[in-house]
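Inside the fold
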Amino acid sequence: MASGGDKQVEVSIAINGASVAATTMQATVSAAKAGSISSIWQHDFVTGDYIEVFVGNLTDTTNIIAQQAVLRIN
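Okay, so let's go over this structure. Worth saying up front: this structure is predicted, and the values here are computed from it rather than measured.

**Details of the overall build of the chain**
Regarding its fold elements, the chain presents 0 helices and 4 strands. Starting at the N terminus and walking to the C terminus, you meet the elements of the chain as β-β-β-β. Counting across all 74 residues of the chain, residues that qualify as buried make up 22%. Of all intrachain contacts in the chain linking residues separated by at least 6 positions in sequence, the fraction that spans at least 24 positions is 58%.

**Details of the pattern of salt bridges**
For the coordinates displayed, the defined rule picks out 2 salt bridges. Across the salt bridge formed by D6 and K33, the nearest N and O atoms sit 3.5 Å from each other. Separated by 27 residues along the polypeptide, D6 in the segment before β1 (7-15) and K33 in the loop between β3 (25-29) and β4 (51-57) bring together distant segments of the chain. The residue D60 makes a salt bridge to K7 at a minimum N-O spacing of 2.5 Å. Highlighted residues: D60 in the segment after β4 and K7 in strand β1, separated in sequence by 53 residues. The buried category is assigned to K7, whose relative accessible area is 11%.

Procedures and definitions
Residues numbered from 1 in each chain as written. Predicted model: local features only at pLDDT ≥ 70, side-chain atom pairs only at ≥ 80, totals over all residues. Heavy atoms only, no water. Helix = DSSP H or I, 4+ residues; strand = E, 2+ residues; numbered from the N terminus. Buried < 20%, exposed > 50% of the residue type's maximum accessible area, 1.4 Å probe, protein only. Contact = heavy atoms within 4.5 Å. Salt bridge = Lys/Arg side-chain N within 4 Å of Asp/Glu carboxyl O.

Okay, here's the thing in structure tokens:
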């Protein structure tokens, strides 16, 4: 978090612009306590498919600072 105490955040994976509800995971983080969230999903890709990762603050409007993301595709 950019500032403040504990905040509830979530991460979701979207495929072709549609969020996959089963991939939504939550964690509690703060400016002093970074968090780590893992989300997995299996998808058979075809030409033109695309993936997005969404991060949201469920507590208030404090900005989220995402420092690192790892996307692994097999």
